[in-house]
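Read off the chains here:
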Amino acid sequence: MAGNVEQHREALIAAACAVRAHAHAPYSGFAVGAAVLDEHGRIHAGANVENAAYPQGWCAETSALAALVAAGGRRVLAVAVCAVAEHPVAPCGGCRQKLREFAADDCPVWLAGPQGLRATHSLGELLPHGFGPHHLPS
Ligand code: THU
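Reading guide: rules and limits
- Residues numbered from 1 in each chain as written.
- Predicted model: local features only at pLDDT ≥ 70, side-chain atom pairs only at ≥ 80, totals over all residues.
- Heavy atoms only, no water.
- Disulfide = S-S within 2.5 Å.
- Helix = DSSP H or I, 4+ residues; strand = E, 2+ residues; numbered from the N terminus.
- Buried < 20%, exposed > 50% of the residue type's maximum accessible area, 1.4 Å probe, protein only.
- Pairing = 2+ DSSP bridges.
- Axes fitted to C-alpha atoms, helices over the stretch in contact; angles between N-to-C directions.
- Contact = heavy atoms within 4.5 Å.
- Near = heavy atom within 4 Å.
- Polar contact = N/O pair within 3.5 Å; in protein donor to acceptor, adjacent residues only side chain to side chain.
- Areas by Shrake-Rupley, 256 points an atom, 1.4 Å probe, with all protein chains shown as cover.
- Nonpolar A, V, L, I, M, F, W, Y, C, P; charged D, E, K, R; others polar.

Q: What is the right way to read the state of the cysteines from this model?
A: As used in these notes, a disulfide is a covalent bond between sulfur atoms, one from each of two cysteines. If you walk through the whole model with that rule in mind, you get 1 disulfide. Between the sulfur atoms of C17 and its disulfide partner C82 the distance amounts to 2.3 Å. Taking the sign of the torsion about the S-S bond as the criterion, the disulfide between C17 and C82, at about 95°, is right-handed. Within this pair, whereas C17 is found in helix α1 (residues 9–19), its partner C82 is found in strand β3 (residues 76–82), the two being separated by 65 residues in sequence. The partly exposed category is assigned to C17, whose relative accessible area is 21%. For the unlinked cysteine C59, the closest cysteine sulfur is that of C95, found at 3.9 Å. We note that C95 lacks a disulfide partner, and the nearest cysteine sulfur, in C92, lies 3.8 Å from it. Taking relative accessible area as the criterion, C95 reaches 2% and is therefore assigned buried.

What follows is the structure, encoded as structure tokens:
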């Protein structure tokens, strides 16, 4: 993809915050939106989807990744998460692993609220020494 991923930061955060309005979170009341930038410069967004059978719900990041794959994307170049909380909301452990399937260690993960960017981490910071395909026998 041409250009620097930083140029997509505000659009990615805006997409994450916009899709947050569609979260299905009647049990926790905690709405989250996420957006991922693919290798073609496209943005894919998703919200958390809870379920009355609580463990069957899933996170916003997982929804965004599913949208990326459904659209034919195979790489994640940047991630934005949008939520309203005292501390910036970072992807849960399971979503860090799911992101790691498609993203490199230096992939920026932008943590945001409706007012914009609050914190930046790389995926490698969030998931050091992560399990990956290189661990599997070839
Ligand atoms: N959640 C996300 O969607 N993403 C995160 O990064 C953290 C947590 C969701 C899962 C659940 O629906 C609600 O937030 C409360 O945990």
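Q: Explain the sheet that holds strand β5 (residues 116–122) to me, please; I cannot follow it from the model alone.
A: Strand-to-strand pairing in sheets goes through backbone hydrogen bonds, with the strands running parallel or antiparallel. What the 5 strands build is an open sheet, ordered β2-β1-β3-β4-β5; its pairing is mixed. Strands at the two margins of the open sheet, each flanked by one partner only, are β2 (43–47) and β5. Neighbour-to-neighbour, the strand axes of this sheet turn through a mean angle of 20°, independent of strand direction. For β3 and strand β4 (residues 108–113), the ladder comprises 4 bridges, and the chain directions are parallel. Looking at β4, one finds that V79 is bridged to V109. Strands β1 (33–38), β2 and β3 of the sheet are contacted by helix α2 (residues 60–70), whose axis makes an angle of about 140° with β2.

Q: Which parts of the structure should I look at to understand the site of the ligand?
A: Residues in close proximity to the ligand include S28, F30, V32, N48, E50, C59, A60, E61, V89, A90, P91 and C92, which together make up its full environment. N48 places a polar side-chain atom, nitrogen or oxygen, 2.9 Å from an oxygen atom of the ligand. One of the backbone N or O atoms of A90 is found 3.3 Å from an oxygen atom in the ligand. When isolated, the ligand has an accessible area of 370 Å², and the protein chains bury 76% of it. Residues that form the shell around the ligand fall into these classes: 8 nonpolar, 2 polar and 2 charged.

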